[in-house]
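Now for the letters of each chain:
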Amino acid sequence: MYKKDEFAYQEMISHIPLFAHPSPKTVLIVGGGDGGVAREVAKHPEVEEIHLCEIDEKVIEVSKKFLPSMSVGFSSPKLTIHIEDGIKFMEKYSEKFDVIITDSSDPVGPSIALFEKPYYELTNIALKPGGILCCLGDCLWMELPFIKNCTKSLRSVFPVVGYAYTNVSTYPCGQIGFLLAGKDKNTVLQKPVREVTETQVKEFGLCYYNFNVHCSSFVLPQFAHELLNTN
């Protein structure tokens, strides 16, 4: 990820779930050691607490040294940093968070556990009623069968599931997606439930996310729509 396009990822993984929630007061970020997601979450005045759980403290140290435009997120007074395994951290909580954002590395090695049903079950328990989960969702062009398996697992845990995507020039195929899930069956992920005005977009300093981009990010090409919406 490079400075010229990191906002396309950070803004979308953060603002899609936050604007889909009517009142996100307490947010958990699992991973996110570069600080970019914390930077975006802190922009929401409704958010009162941000908990960031990063397993590797060195990631944060390196980001503070070399990625100041992202690590500025660590300066928010709303933020509490926990150096701990995200799964073990979440096991401590029940109905604690309004939004959980999993800003993990790709599903390889230890990170694969963050893309499996037991993890989704933990997030469901940790979310308050009406809570929303947003996770890294991989690339349609390269990992569609894997994304299908993830959505199947999510649907066995949550009543509402969706896949959205963004365009990031330095990612493989220029595209990366997000898996979203709502704890309430009436949750609408595909449209902001709070107002997103042009004035607000400018105040937040957004370069990618806006109302129309939120809605259109869930519109998939036919091959992906068919596969992800069939049993």
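Small disclaimer: the values here were computed from a predicted structure and weren't measured.

Caption draft 1: Focus on the overall build of the protein. Helix and strand counts for the protein come out as 10 helices and seven strands. In terms of overall size, the protein behaves like a compact globule, its C-alpha atoms giving a radius of gyration of 16 Å where 231 residues would be expected to give roughly 17 Å. For the protein, the spread of C-alpha atoms along the principal axes amounts to about 45 × 40 × 35 Å.

Caption draft 2: The sheet that holds strand β7 (residues 175–182), seen in detail. Read across the open sheet, the seven strands follow the order β3-β2-β1-β4-β5-β7-β6; overall the sheet is mixed. The two strands at the open ends of the sheet, each matched to only one other strand, are β3 (79–83) and β6 (160–167). On average, adjacent strands in this sheet sit at an angle of 20° to one another, irrespective of strand direction. Running over the sheet, helix α6 (residues 117–126) touches β1 (26–31), β4 (97–103), β5 (127–138) and β7 and is turned about 150° from β5.

Caption draft 3: Just a nonpolar patch on the surface, in detail. Residues V62, F66 and L67 make up a contiguous nonpolar surface patch of about 260 Å² in total accessible area. With respect to the secondary-structure elements, L67 resides in the loop between α3 (57–66) and α4 (68–71).

Caption draft 4: Region of interest: the pattern of salt bridges. Within the structure shown, the criterion is met by nine salt bridges. Between E84 and K92 there is a salt bridge, and its shortest N-O distance comes to 3.0 Å. Note that K128 is salt-bridged to D98, the shortest N-O span being 3.6 Å. With K128 in strand β5 and D98 in strand β4, this residue pair connects regions lying 30 residues apart in the sequence. Salt bridges sharing common partners tie together E6, R39, E40 and K43.

Caption draft 5: Structural detail: the pairing of β5. In terms of burial, β5 is a largely internal element, nine of the 12 residues being buried. Alignment of β4 against β5, held across five bridges, turns out to be parallel. If you follow V99 over to β5, its bridge partner there is I132. In this view, the connection linking β4 to its parallel neighbour β5 by way of α6 has right-handed handedness. In terms of strand pairing, β5 meets β7 through six bridges, oriented antiparallel. For C134, the partnering residue across the bridge sits in β7 and is L180.

Caption draft 6: Inspection of the pairing of β6 at higher detail. The buried fraction of β6 is high, at six of eight residues. Of the strand pairs in this sheet, β6 and β7 are connected by eight bridges, and their pairing is antiparallel. When the bridges of β7 are listed, A164 appears paired with F178.

Caption draft 7: Structural context of the layout of surface pockets. The space that makes up the largest pocket amounts to roughly 820 Å³. Around the largest pocket sit 38 residues that line it, and D103, S104, S105, D106 and S111 are the ones nearest its centre. At the level of elements, β1, β2 (49–54), α3, α5 (86–90), β5, α7 (140–155) and β7 are the ones that each hand at least two residues to the lining of the largest pocket. With three residues, the single largest contributor to the lining of the largest pocket is α7. Among the residues forming the lining of the largest pocket, the class breakdown is 20 nonpolar, nine polar and nine charged. Roughly 170 Å³ of volume is contained in the second largest pocket. Forming the walls of the second largest pocket are T151, R155, V161, G162, Y163, Q190, F218, L220, H225, L228 and N229. When residues of the lining of the second largest pocket are traced back to their parent elements, those giving at least two are α7, β6 and α10 (222–228). Examining the composition of the lining of the second largest pocket, we find that three residues originate from one element, β6, more than from any other. Considering only residue class, the lining of the second largest pocket consists of five nonpolar, five polar and one charged.

What counts as what
The written sequence of each chain sets the order in which its residues are numbered from 1. The model is predicted, so local features are restricted to residues of pLDDT at least 70 and side-chain atom pairs to those at 80 or more, both for listing and for counting; the totals for chains, interfaces and linings are taken over all residues. Here the side-chain values reflect all heavy atoms present in the structure, with hydrogen atoms and water set aside. Each helix is a run of H or I in the DSSP string that is no shorter than four residues. Each strand is a run of E no shorter than two, and both are numbered from the N terminus. The reference for a compact globule is 2.2 Å times residues^0.38; the radius of gyration itself is calculated from the C-alpha atoms. Strands are labelled as partners when DSSP assigns at least two bridges between them. Every axis in this analysis is a line fitted to C-alpha atoms, fitted for helices over the stretch in contact. Angles between the N-to-C directions lie between 0 and 180 degrees. Contacts are assigned to residue pairs with any non-hydrogen atoms lying within 4.5 Å of each other. Nonpolar side chains (Val, Leu, Ile, Met, Phe, Trp, Tyr) within 5 Å and like charges within 9 Å form the patches, drawn only from residues with over 30% relative accessible area and no salt bridge. Values of accessible area rely on a 1.4 Å probe in the Shrake-Rupley scheme; residue burial ignores everything except the protein chains shown. We count a salt bridge whenever a side-chain nitrogen from Lys or Arg sits within 4 Å of a carboxyl oxygen from Asp or Glu. Summary of the burial criterion: residues with accessible area below 20% of their type's maximum are buried, those above 50% are exposed, and those between are partly exposed, where the area comes from a 1.4 Å probe applied to protein chains only. A clockwise course of the path from the first strand over the helix to the second, judged with the strands pointing away from the viewer, identifies a crossover as right-handed. Here a cavity is any set of points on a 1 Å grid over the protein atoms alone where a 1.4 Å probe fits but cannot get out, and a pocket is any open set with protein on both sides within 12 Å along at least 5 of 7 lines; a residue lines the site when it has an atom within 4 Å of a point. Grid points are joined across faces, edges and corners, and a volume is the space filled by probe spheres set on the points. Charged residues are taken to be Asp, Glu, Lys and Arg, nonpolar residues to be Ala, Val, Leu, Ile, Met, Phe, Trp, Tyr, Cys and Pro, and polar residues to be all remaining types, Gly included.

Geometric descriptors of this kind do not, in isolation, establish any biological role.
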